[in-house]
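# Structural overview for review
Given next are the chains, with one letter for each unit.
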Amino acid sequence: MRLDGSVAIVAVGVTEQGKLPGRDGDDLAIEALGYALEEAQIGKEQIDGLLTCKAAGTDAGIDTAVGRKAGMNPAFSATLDYGTCNFTLHLAAMAIATGMATTVACLYGTNQKTGRKFAFTAAAGDDGSPGAPYGFLHVSGPAALAFQRHQALYGTTEEQLGHIAVASRQWAKMNPQAIFRQDFTLEDYLASPYLVRPLRRPDVTMISDGGVALIVTSAERAADYPKHAVFLLSGAQQTGLRLYQNDDQLMRPWIAKVAERVYADAGLTQSDIDLLYIQDPTSVWILQMLEWYGFCGMGEAGSFLETGAIAPGGTLPVNTNGGQLSEAYMWGWLHIVEAVRQLRGECGERQVADPKVALYCSTKGFEKAAATVLANEVP
Amino acid sequence: MAAQVEQMKPLPDLDDPVSAPFWREAAQGRLSFQRCSVCGYLRWPAASLCPECWSPRAEWAPVSHDGEVWSFGVYERAFSAAFESDVPYVVALVQLDAGPRLIGKIVDVVPADVTVGMRVTAAFESFADDAALVNFRGLRSD
Ligand SMILES: [Zn+2]
């Protein structure tokens, strides 16, 4: 999807993150929208598109229920059954490009940490594969298999993988919004217990409560908003819906198609990316996507990580918010918020010097992938 | 001899007419898949339509029990109380010689001895009078 900066994010809103007992997921999404509206200096009546995202294991995130609760009758509304924000953002861009809406609110809110118990013990990968009777539970199962395969093929070590959790924490320490900010070294990583060997506890996200909202509009309208707009240059997706019928499905080789399209449609290559965001339910997602998006060669992510490339001061800033491993688990939505704030130059101590272009890559389990290129100027 | 699975574990739904034959065949010591009557494609997971040609017609066809470990992980923590007494246990994705890829436990093995690429064969584990899960155990290379 070639956007050439025709669509922009003009405001973001984020609630407190962590344990928010007694809060409702939809209330948190609406609270986040309140902050975004305040940043945009508009009222809810000016929102004519409402896109919500279901929160896994809860009832939250249905557009019809959120609209009723928030007292909104937008021209267009829809619900996506899964998160990461990329899929929602692409739908917002399409709605704006086609005239279905001019000003779209994208919302996510969840109380899955303290509310209804999130079904993390469901069959691994929530993909309809009959793994549960064998104890193939939790996302760390398929992620462990994917990493073990990477190790066998390329000699990647646990220590190399550990650089991801450590770098994420180094970034999170400079992010006041992050839940996990205590010191965490490679030695600490290697001393952490395994969940599913070869993956350790720090390789896997901890779920949290919270809400996130974005306001998306056309580039022409974006000029009227108080904050500097962040423009979408391109968006791309690819599915692997056949799952276990696909070869090497846990490696998700079809992500390479997203990379090819998202760069081509933006007229850029990976060397133009100043900031990289990768949605990270486990560290393995980062390992895989560094390769699929061409930041290192196939099989070379381990040695690339070892150089400290993705840590503060490295050559490629990745998840400068701390990601889902250290900031909070908002199913990828906070990665986009961080990209917007970095591109606006609002990130204080962790601000990367003069970034112009960010790439956000995400996946819905082993079923689909998406990416968006964002920039603080229209090329 | 097949081991008995505790009742509290999540078990396959034997009331599902589409998938139940898989588990019933396993109880007979057979690894069987629906073979499409039109194009010959082996369906896994079991389905009411062939994902290739969309024909609903299929016969349950026994295939070779052998395959190779595509990858594996060692559960050092149980994510459900039902598996607490099993920890540590090995779960693998097995590429069958017949084509389909199955998730199953690798049994009768020390976790440290499992490797990617290891040759394995089906090991059936009964969970009801006439139904069994399909695990795997190492194939001797001699
Ligand atoms: Zn067929």
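Residues numbered from 1 in each chain as written. Chains lettered and ligands numbered in written order. Predicted model: local features only at pLDDT ≥ 70, side-chain atom pairs only at ≥ 80, totals over all residues. Heavy atoms only, no water.

### Here's the deal with the interface of chain A and chain B
Accessible area lost upon the coming together of the parts is a frequently used measure of interface size. Contact with chain A, which involves 31 residues of that partner, is made by 32 residues of chain B. Overall, the association of chain A and chain B removes approximately 2900 Å² of surface from exposure, summing both partners, and the carbon and sulfur fraction of that is 63%. When residues of chain A are sorted by the area they lose upon contact with chain B, Pro 133, Tyr 134 and Tyr 244 of chain A head the list and together hold 26% of the total. Residues Asp 247 of chain A and Arg 101 of chain B are paired through a salt bridge, measuring 2.3 Å at the closest nitrogen-oxygen approach. Taken together, the links from chain A to chain B amount to 16 residue pairs in polar contact (both at pLDDT 80 or more). Of all the elements, helix α4 (residues 140-154) of chain A adds the most residues to the side of chain A that touches chain B, at seven residues. Looking at the side of chain A that touches chain B residue by residue, the classes come out as 15 nonpolar, ten polar and six charged. (Contact = heavy atoms within 4.5 Å. Buried area = accessible area lost by both parts, 1.4 Å probe. Salt bridge = Lys/Arg side-chain N within 4 Å of Asp/Glu carboxyl O. Polar contact = N/O pair within 3.5 Å; in protein donor to acceptor, adjacent residues only side chain to side chain. Helix = DSSP H or I, 4+ residues; strand = E, 2+ residues; numbered from the N terminus. Nonpolar A, V, L, I, M, F, W, Y, C, P; charged D, E, K, R; others polar.)

### Things to note about the packing of aromatic side chains
Residue and element names in this part refer to chain B. One pass over the structure, following the stated rule, counts twelve aromatic pairs over all chains. Taking 5.6 Å as the distance between ring centres and 45° as the angle between the ring planes, the aromatic pair formed by Phe 22 and Phe 33 counts as tilted. Taken together, the residues span a long stretch of sequence, with Phe 22 in helix α1 (residues 20-27) and Phe 33 in strand β1 (residues 32-36) at a distance of eleven residues. Phe 33 shares its class with Phe 22; the two are buried. Taken together, the aromatic side chains of Phe 22, Trp 23, Phe 33, Trp 44 and Phe 127 make up a single cluster linked through ring pairs. In this structure, Lys 105 packs its charged tip against the face of Tyr 89, placed 4.7 Å from the ring centre. (Phe/Tyr/Trp six-rings, centres within 6.5 Å; stacked < 30°, edge-to-face > 60°. Buried < 20%, exposed > 50% of the residue type's maximum accessible area, 1.4 Å probe, protein only. Lys NZ or Arg CZ within 6 Å of the ring centre and 35° of its normal.)

### Thoughts on the pattern of salt bridges
All chains considered together, the criterion is met by 22 salt bridges over all chains. Residue Asp 81 of chain A is joined to Lys 54 of chain A by a salt bridge in which the shortest nitrogen-to-oxygen separation is 3.3 Å. Placement of the pair is Asp 81 of chain A in the loop between β3 (76-80) and α3 (86-98) and Lys 54 of chain A in the loop between β2 (49-53) and α2 (63-70), with a sequence separation of 27 residues. The partly exposed category is assigned to Lys 54 of chain A, whose relative accessible area is 30%. Ionic pairing is found between Glu 52 of chain B and Arg 242 of chain A, a salt bridge with its closest N-O pair at 2.8 Å. Of this pair, Glu 52 of chain B sits in the loop between β2 (42-43) and β3 (58-62) while Arg 242 of chain A is found in the loop between β8 (230-239) and α8 (255-266), placing the two residues in two different chains. Residue classification places Glu 52 of chain B among the partly exposed residues on the basis of a relative accessible area of 43%. Through salt bridges that share partners, Glu 39, Lys 227, Arg 344 and Glu 346 of chain A make up one connected network.

### Things to note about the coordination of the zinc ion
All names here are of chain B. Every protein donor of the zinc ion is accounted for by Cys 36 (SG), Cys 39 (SG), Cys 50 (SG) and Cys 53 (SG), and the metal-donor separations fall at 2.3 Å. Along the chain, the residues donating to the zinc ion are arranged with the sequence spacing C-x2-C-x10-C-x2-C. The exposure class of Cys 50 is buried, given its relative accessible area of 0%. Residue Cys 53 is classed as partly exposed on the basis of its relative accessible area of 32%. (Donors = N, O, S within 2.8 Å, 3.2 Å for Na, K, Ca; no water.)

### Considering helix α12 (residues 333-344) of chain A
Residue and element names in this part refer to chain A. Its twelve residues give α12 an end-to-end C-alpha distance of 17 Å, which sits within 8% of 16 Å, the value for a rise of 1.5 Å per residue. Every buried residue of α12 is accounted for by Trp 333, Leu 334, His 335, Ile 336, Val 337, Glu 338, Ala 339, Val 340, Arg 341, Gln 342, Leu 343 and Arg 344. Just downstream of α12, Gly 345 is the residue with a positive phi angle, here 75°. (Expected span 1.5 Å × (residues − 1).)

### A few points about the side chain of Glu 25 of chain B
Residue and element names in this part refer to chain B. Here Glu 25 shows up in helix α1. Note on Glu 25: relative accessible area 16%, which makes it buried. Looking at Glu 25, its side chain comes within polar contact range of the side chain of Arg 30, at 3.0 Å. With residues near it in sequence (within four places) discarded, Glu 25 still touches Arg 30 and Ser 32.

### Comments concerning the confidence of the model for chain A
The predicted model of chain A has a mean per-residue pLDDT of 95, with 96% of residues at 70 or higher. Contacts for the low-pLDDT stretch residues 122-127 of chain A, under 50 throughout, to residues beyond four places or in other chains number 17 contacts. (pLDDT = per-residue confidence, 0-100.)

### A closer look at a nonpolar patch on the surface
On the surface, a cluster of nonpolar side chains totalling about 270 Å² of accessible area is made up of Leu 153, Tyr 154 and Met 298 of chain A. Tracing the chain through its elements places Met 298 of chain A in the loop between α9 (283-292) and α10 (301-306). (Patch = residues over 30% accessible without salt bridge, like charges linked within 9 Å, V, L, I, M, F, W, Y side chains within 5 Å. Areas by Shrake-Rupley, 256 points an atom, 1.4 Å probe, with all protein chains shown as cover.)

### A look at the pairing of β3 of chain A
Burial of β3 of chain A is one-sided: the residues Phe 76, Ala 78 and Leu 80 of chain A facing one way are buried, the residues Ser 77 and Thr 79 of chain A facing the other way are not. What joins β2 of chain A to β3 of chain A is α2 of chain A, and the crossover it makes is right-handed. (Right-handed = clockwise from strand over helix to strand, strands pointing away.)

### Quick notes on the nonpolar core
Residue and element names in this part refer to chain A. Of all hydrophobic cores here, the largest spans 103 residues; its most connected members are Leu 290, Tyr 293 and Leu 359. In contact with Leu 359, not counting residues within four places along its chain, are Val 262, Tyr 263, Ile 273, Leu 275, Leu 276, Tyr 277, Tyr 293, Phe 295, Ala 371, Thr 372 and Val 373. Membership of the second largest hydrophobic core comes to 50 residues, among which are Val 104, Ile 207, Trp 331 and Ile 336. (Core = buried A, V, L, I, M, F, W, Y, C linked by side-chain atoms within 4.5 Å.)

### Quick word on the sheet that holds β1 of chain B
Residue and element names in this part refer to chain B. Read from one edge to the other, the open sheet built from three strands follows the order β2-β1-β3, with strand pairing classed as antiparallel. Each edge of the open sheet carries a strand with a single partner, namely β2 and β3. By the bridge criterion, five bridges tie β1 to β3 in an arrangement that is antiparallel. When the bridges of β3 are listed, Cys 36 appears paired with Ala 58. (Pairing = 2+ DSSP bridges.)

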